[in-house]
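Next come the chains, spelled out residue by residue.
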Amino acid sequence: MQSQETPTLKAEARNLNFFYGQMQALKKINMPVYDKKVTALIGPSGCGKSTYLRSFNRMHDLYPGNRYEGEIRNTNLLAADVDPIEVRMRVGMVFQKPNPFPKSIFENVAYGLRVRGENNRRVLDDKVERALRDAAIWEEVKDRLPEQAPNLSGGQQQRLCIARALATDPELLLFDEPTSALDPIATAAIEELIHDLKKRVTILIVTHNMQQAARVSDYTAYMFLGEMIEFGKTDEIFIKPKDKRTEDYITGRMG
Amino acid sequence: MSENVHLSSQFDEDLGRLRSNVLQMGGLVETQVMAAIEAYKTGDMTRVKNIIEAEHTVNDLEKAIDDDCAHLIARRQPAASDLRLVFGIIKIVTDLERIGDEAKKIAKGVRRICEAGQLPSDYGAGVRHIAEAALGMVRESLDAFARLDSAMAEAVIRADVDVDTEFKSIVRQLVTHMMEDQRTITTSIDILSIARAVERIGDHAKNIAEHVVFIVDGRDIRHQGKDKKANEESRA
Ligand SMILES: Nc1ncnc2c1ncn2[C@@H]1O[C@H](COP(=O)(O)OP(=O)(O)O)[C@@H](O)[C@H]1O
Ligand SMILES: [Mg+2]
């Protein structure tokens, strides 16, 4: 059943333009991000999903030549005003290929905390355990915390990366095609995890798997050539989209 | 509904075949209703037999279409208009199958009356009239499905009110008839069951039209009239 409550706004893109040098990759994007909901970004390759996602953690600021217009408002950390380093702490990101550091399982999760100056062993132990539990991987790794993280399976590595992102208590989690390198079982585990995590955090997920978007998200945004074509409740997008371009994309038709 | 083709031509073929199977089943059921009306008019027992025998074909088609829908869902995970089409078809075939059942009830009623040495057409011209109206609804609901025309479907939905009203007046007439002449009771009861079957055919045609509106516009308009009526009644 569809719930009727109006969700609270966590962040919002307003007339967001983005340029890689001369190339405009995002065009006047307007979109709300609702608190403790999962929003899926779908659209053909190269339409700007990753670019848009990265605008939320100011990752583009790291490279010269990149330029924004408009803004992303975040109700807690007005992204435009806040130090990008602080933003990146409060916005976790998980990529397509699991990318654990070549360190122990423990140190991977403790990393963000150490960067923040946390060195108390008890606090670290406690927070690492909590993050690993929240990422649904604790039972699998609790007896092998000193082992090298890259020895874990792909699915485990991805959940470890999620634990690493969770350790610093983010408000927003960004997933960029988090399961495209995983088998169906590992994929199901991540999807289940996303479902649990949204009780606490707001999630944006890029996926090129339409069924995955339909399974995990509350809201879906369809992007095409740098534009936001349609944003709506996932149920509505997958049953009765408003825009013909959305319809053609999700039904697998040629536009 | 998008007129563009799918990237997968196999998917287009599957959907196309599904639609034409529904229309084939619809044509068969429509023929059954037509034959039932003819049998009512003429007391023709061959038609009665044909109607009863066609039931197996209708049932088989229903099962085959349901099965195709299940396969299509499993293999293609249809979305948006494709999803609404498959979902609507599953419901449409259920209503079509029920229409076939009602046609069979009419045929059996005709047989009982004829076996009692009577002719059904001597009883109610009214039944013949709503039967034609119900048949028209079946035809038009199927046309609306074939053309994916929601305006046409909505006309079918409106037409159902007339069939319902006329059915009620037939019931009143028959009841009066039975009270006046006790000897007509057995046949009148058969006529009544025929009229009831006709009225149900109209209801199923209306359901089909509602499914067409959902397929085309994504609107679920079922029970709207009823809910409104219930509200009005509770307010009165
Ligand atoms: N670092 C970059 N420099 C220049 N152009 C880029 C860069 N990253 C992506 N692009 C271009 O921006 C557009 C959007 O890319 P991207 O956001 O990766 O799309 P998606 O994630 O939807 O596949 C593409 O045309 C891509 O080639
Ligand atoms: Mg990408």
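The structure displayed is predicted, hence computed values, not measured ones. Numbers given to residues run from 1 along each chain, matching the order in which its sequence is written. Throughout, the order in which chains and ligands are written sets their labels, letters from A for the former and numbers from 1 for the latter. For a predicted model such as this one, the threshold for reporting local features is a pLDDT of at least 70, and the threshold for listing and counting side-chain atom pairs is 80 or more; totals across whole chains, interfaces and linings nevertheless cover every residue. Calculated side-chain values reflect all of the structure's heavy atoms, with hydrogen atoms and water omitted.

*Asks:* Can you help me understand the overall build of chain B in this one?
*Replies:* Think of it this way: any DSSP run of H or I at least four residues long counts as a helix, any run of E at least two long counts as a strand, and we number them from the N terminus. From N to C terminus, chain B includes seven helices and zero strands. Order of helices (α) and strands (β) in chain B, N terminus to C terminus: α-α-α-α-α-α-α. Here, two residues are considered to be in contact whenever any of their heavy atoms come within 4.5 Å of each other. Considering only contacts in chain B between residues 6 or more positions apart, those separated by 24 or more positions represent 82%. Per-residue accessibility takes into account occlusion by the displayed protein chains alone, with areas from the Shrake-Rupley method and a 1.4 Å probe. Carbon and sulfur atoms make up 51% of the accessible area of chain B, which totals about 11600 Å². Side chains of chain B give 32 positive and 41 negative charges; the mean places of these two sets differ by 2 Å. Working convention for charge: Lys and Arg count positive, Asp and Glu count negative, and His plus the chain ends are omitted. One atom stands in for each charge, and that atom is NZ of Lys, CZ of Arg, CG of Asp or CD of Glu.

*Asks:* How should I be thinking about the overall build of chain A in this particular structure?
*Replies:* Scanning chain A for helices and strands turns up 10 helices and nine strands. We compute the radius of gyration from the C-alpha atoms alone; for a globule the expected value is 2.2 Å times N to the 0.38, where N is the number of residues. What you see for chain A is a C-alpha radius of gyration of 18 Å, in line with the 18 Å of a compact globule of 255 residues. If one aligns the C-alpha atoms of chain A with their principal axes, the spans along those axes are about 55 × 40 × 35 Å. The proportion of buried residues among the 255 residues of chain A is 52%. For chain A, contacts bridging at least 24 residues in sequence account for 67% of all contacts bridging at least 6. Just so you have it, chain A exposes about 12000 Å², and 50% of that area is on carbon and sulfur atoms. The averaged location of the 35 negative side-chain charges in chain A is 2 Å from the averaged location of its 36 positive side-chain charges. Each residue is assigned to one of three classes by its accessible area relative to the maximum for its type, calculated with a 1.4 Å probe on protein chains only: buried under 20%, partly exposed between the two thresholds, exposed over 50%.

*Asks:* What am I meant to see in the packing of aromatic side chains here?
*Replies:* Geometry of an aromatic ring pair is reported as the spacing of the ring centres plus the angle between the planes. All names here are of chain A. Two rings from Phe, Tyr or Trp (for Trp, the six-membered ring) form a pair when their centres sit within 6.5 Å of each other. Planes less than 30 degrees apart are called stacked, planes more than 60 degrees apart edge-to-face, and all others tilted. Summed over all chains, the structure comprises 10 aromatic pairs over all chains. Through successive ring pairs, a cluster of aromatic residues spans Phe-18, Tyr-20 and Tyr-68. Charge over a ring is defined by NZ of Lys or CZ of Arg lying within 6 Å of the ring centre and within 35 degrees of the ring normal. Here the basic side chain of Arg-121 rests over the ring of Phe-106, its NZ or CZ set 4.5 Å away from the ring centre. Residue placement shows Arg-164 over the ring face of Phe-101; its charged tip is 4.2 Å from the ring centre.

*Asks:* I keep staring at the site of ligand 1 and nothing clicks. Help me out?
*Replies:* Residue and element names in this part refer to chain A. When at least one non-hydrogen atom of a residue lies within 4 Å of a molecule or strand, that residue is treated as near it. In the vicinity of ligand 1, the residues found are Tyr-20, Met-23, Ala-25, Pro-44, Ser-45, Gly-46, Cys-47, Gly-48, Lys-49, Ser-50 and Thr-51. Gly-48 places a polar main-chain atom, nitrogen or oxygen, 3.0 Å from an oxygen atom of ligand 1. Each polar contact in these results corresponds to two N or O atoms within 3.5 Å; when the atoms are within protein, one needs to be able to donate a hydrogen and the other to accept it, and residues that are neighboring in sequence are counted only if both atoms are side-chain atoms. One of the side-chain N or O atoms of Ser-50 is found 2.8 Å from an oxygen atom in ligand 1. The set of elements that each furnish at least two residues to the shell around ligand 1 consists of strand E2 (23–34) and helix H1 (49–55). Ranked by the residues each element gives to the shell around ligand 1, the list is headed by H1, at three residues. Three categories are distinguished: nonpolar for Ala, Val, Leu, Ile, Met, Phe, Trp, Tyr, Cys and Pro, charged for Asp, Glu, Lys and Arg, and polar for the others, with Gly belonging to the last. Along the lines of polarity and charge, the residues of the shell around ligand 1 split into five nonpolar, five polar and one charged.

*Asks:* Help me out: how do you make sense of the sheet that holds strand E3 (residues 38–42) of chain A in this one?
*Replies:* All names here are of chain A. Strand pairing requires that DSSP identify at least two bridges connecting the strands. Taking strand neighbours across the sheet as the criterion, the six strands line up as E5-E6-E7-E3-E8-E9 in an open arrangement whose pairing is mixed. With one partner strand each, in any of the chains shown, strand E5 (91–94) and strand E9 (227–233) form the two edges of the open sheet. Along the sheet, successive strands turn relative to each other by an average axial angle of 15°, direction set aside. Bridge count for strand E8 (residues 219–224) against E9 is six bridges, and the pairing is antiparallel. For Thr-220, the partnering residue across the bridge sits in E9 and is Gly-232. Here helix H6 (residues 154–167) sits on the sheet and contacts E5 and strand E6 (172–176); the angle it forms with E5, its principal contact strand, is near 170°. Geometry is summarised by axes, namely lines fitted to C-alpha atoms with helices restricted to the contacting stretch, and by angles between N-to-C directions that run from 0 to 180 degrees. Each of E3, E6 and strand E7 (202–206) touches helix H7 (residues 184–197); the most contacted strand, E7, lies at about 150° to it.

*Asks:* Help me understand the interface of chain A and chain B, please; the structure alone is not making it clear to me.
*Replies:* How big an interface is tends to be expressed through the accessible area that disappears when the partners come together. Every contact between the two is made by 14 residues of chain A and, on the other side, 18 residues of chain B. By buried area we mean the combined loss of accessible area, with a 1.4 Å probe, across both parts when two parts are placed together. Summed over both sides, the interface between chain A and chain B buries roughly 1400 Å², with carbon and sulfur atoms accounting for 53% of that surface. Together, A:Ile239, A:Arg253 and A:Met254 form the three largest contributors to the area buried by chain A at its contact with chain B, with a combined 41%. Salt bridges are defined by distance alone: a side-chain nitrogen of Lys or Arg within 4 Å of a carboxyl oxygen of Asp or Glu. If you look at where chain A meets chain B, you find one salt bridge. Put simply, B:Asp82 and A:Arg253 hold a salt bridge, and the shortest N to O gap is 2.8 Å. If you look at where chain A meets chain B, you find nine residue pairs in polar contact (both at pLDDT 80 or more).

*Asks:* Looking at this model, I keep getting lost on the layout of surface pockets. Mind explaining?
*Replies:* Gaps left between atoms are located by rolling a probe of water-molecule size over the structure's atoms. All names here are of chain A. Throughout, the protein atoms alone are placed on a 1 Å grid, and a set of points is a cavity if a 1.4 Å probe fits but cannot get out or a pocket if it is open with protein on both sides within 12 Å along at least five of seven lines; lining residues have an atom within 4 Å of a point. Grid points are joined across faces, edges and corners, and a volume is the space filled by probe spheres set on the points. In this structure, the second largest pocket spans a volume of roughly 610 Å³. When residues of the lining of the second largest pocket are traced back to their parent elements, those giving at least two are helix H2 (84–90), E5, helix H3 (105–115) and H6. Residues of the lining of the second largest pocket, tallied by class, amount to 13 nonpolar, five polar and two charged.

*Asks:* What's the story with the environment of A:Asn57 in this structure? I'm lost.
*Replies:* All names here are of chain A. Structurally, the position occupied by Asn-57 is in the loop between H1 and strand E4 (66–74). C-alpha separation for the pair Asn-57 and Asn-209, spaced 152 residues apart in sequence, amounts to 23 Å. Apart from residues no more than four positions distant in its own chain, Asn-57 is found in contact with Val-87, Arg-88, Val-91, Met-93 and Leu-174.

*Asks:* Just checking my understanding: could you explain the sheet that holds E4(A) for this structure?
*Replies:* Sheets are built from strands that pair by backbone hydrogen bonding, the pairs being arranged parallel or antiparallel. Residue and element names in this part refer to chain A. Read across the sheet, three strands follow the order E2-E1-E4 without closing on themselves; strand pairing throughout is antiparallel. Lying at the two open borders of the sheet, with one neighbouring strand each, are E2 and E4. The average angle at which neighbouring strand axes cross in this sheet is 5°, direction not considered.

*Asks:* Would you explain the packing of helix H4 (residues 121–134) of chain A against H6(A) in this entry?
*Replies:* Geometry of a packed helix pair, given as the angle between the helix axes and the separation of the axes. All names here are of chain A. In contact at an axis separation of 8 Å, H4 and H6 are set at 130° when each is read in the N-to-C sense. By the criterion of interaxial angle, the relationship of H4 to H6 is oblique. In the crossing of H4 with H6, the sense of the turn from one axis to the other is right-handed. Between H4, through Ala-131, Leu-132 and Asp-134, and H6, the contact on the second element is made entirely by Leu-160, Ala-163, Leu-166 and Ala-167. Taken together, the residues of the contact of H4 with H6 sort by class into six nonpolar, no polar and one charged. Relative orientations are named as follows: roughly parallel for angles under 35 degrees, roughly antiparallel for angles over 145 degrees, roughly perpendicular for angles from 65 to 115 degrees, and oblique for any other angle. The crossing is said to be left-handed when, going from far helix to near helix, the turn is anticlockwise and less than a right angle, and right-handed when the turn is clockwise.

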